[in-house]
Amino acid sequence: MKRLVTYAAVLDDSENKPNEYTVTFPDIPGAITDGQGLSEALNNAEEVLGLMLFDQNPLPAATDIKDIQAQHSNATVSYITTDLEQAKKEVHVPLVKKNTTIPADLAREAEKQGINFSAVLTAALKRAPGD
């Protein structure tokens with residue numbers, strides 16, 4: 001199943017480097033890439049958009065492309081679409097091993113129920129409030 005998203009990107013070639021574009025997404029801070037020529041820049045933009053958003057929920061609101069073009073009148077502004085499900089499949093999240101200590105009776109009961117300790121700990125850590 002596809003999960004397509006579309007955001008406006010700014011393709012800026014003002015750094016006096018022939019045929020080189022810097023690509024940014026005003027709605028997604030930190031999403032930046034570049035490319036030699038429009039084809040490479042647009043391809044890289046699709047990739048960085050997916051990498052930045054594949055695990056975000058909710059997604060940032062998309063600003064109207066006309067508003068972005070008005071703010072960047074000397075650059076090319078284009079829609080970029082990416083499939084977040086495909087991006088998620090391509091991301092390899094590194095895992096680390098952590099040892100924990102829990103009460104023995106709790107461990108026995110969880111093992112009887114076939115509970116995956118790593119999955120439960122990961123889910124709990126994702127829900128834990130940050131300081």
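Residues numbered from 1 in each chain as written. Predicted model: local features only at pLDDT ≥ 70, side-chain atom pairs only at ≥ 80, totals over all residues. Heavy atoms only, no water.

### Side note on the overall build of the protein
Reasoning step 1: Each helix and strand in the protein was counted, giving five helices and four strands.
Reasoning step 2: Each helix and strand of the protein, placed in order from N terminus to C terminus, yields the pattern β-β-β-α-α-β-α-α-α.
Reasoning step 3: Since a compact globule built from 131 residues should have a radius of gyration of about 14 Å, the 21 Å found for the protein marks it as more spread out than a globular shape.
Reasoning step 4: Dimensions of the protein along its principal axes, counting C-alpha atoms only, are 65 × 35 × 25 Å.
Reasoning step 5: By the burial criterion, 27% of the 131 residues in the protein qualify as buried.
Reasoning step 6: Counting only contacts in the protein whose residues sit at least 6 apart along the sequence, the fraction spanning at least 24 positions is 53%.
Reasoning step 7: On the protein, roughly 9700 Å² of surface is accessible, and the fraction owed to carbon and sulfur atoms is 52%.
Reasoning step 8: In the protein, the 12 positive side-chain charges and the 19 negative ones have mean positions that sit 13 Å from each other. (Helix = DSSP H or I, 4+ residues; strand = E, 2+ residues; numbered from the N terminus. Rg over C-alpha atoms; globule rule 2.2 N^0.38 Å. Buried < 20%, exposed > 50% of the residue type's maximum accessible area, 1.4 Å probe, protein only. Contact = heavy atoms within 4.5 Å. Areas by Shrake-Rupley, 256 points an atom, 1.4 Å probe, with all protein chains shown as cover. Lys, Arg positive; Asp, Glu negative; His and termini not counted. Charge placed at Lys NZ, Arg CZ, Asp CG, Glu CD.)

### Regarding the side chain of T33
Reasoning step 1: For T33, the position within the fold is in strand β3 (residues 32-36).
Reasoning step 2: Setting aside its immediate chain neighbours within four residues, T33 contacts Y21, T22, V23, A41, N44, A45 and V48.

### Thoughts on the sheet that holds strand β4 (residues 76-83)
Adjacent strands of a sheet form backbone hydrogen bonds with each other and so pair up, either parallel or antiparallel.
Reasoning step 1: Across the sheet, which stays open at both edges, the four strands sit in the order β3-β2-β1-β4 with antiparallel pairing between neighbours. Strands with a single pairing partner mark the edges of an open sheet, and in this sheet they are β3 and β4. When the angles between neighbouring strand axes are averaged without regard to direction, this sheet yields 35°.
Reasoning step 2: In this structure, strand β1 (residues 4-12) lies alongside strand β2 (residues 20-24), joined through three bridges in antiparallel fashion. What sits directly across from V10, in β2, is T24.
Reasoning step 3: Contacts between helix α1 (residues 37-53) and the sheet are confined to β1, β2, β3 and β4, with β3 contributing the most and set at about 160° to the helix. (Pairing = 2+ DSSP bridges. Axes fitted to C-alpha atoms, helices over the stretch in contact; angles between N-to-C directions.)

### Remarks on the environment of K97
Reasoning step 1: With respect to the secondary-structure elements, K97 resides in the loop between α3 (84-90) and α4 (104-112).
Reasoning step 2: Expressed as a C-alpha distance, the spacing of K97 and Y21, which sit 76 residues apart in the sequence, is 41 Å.

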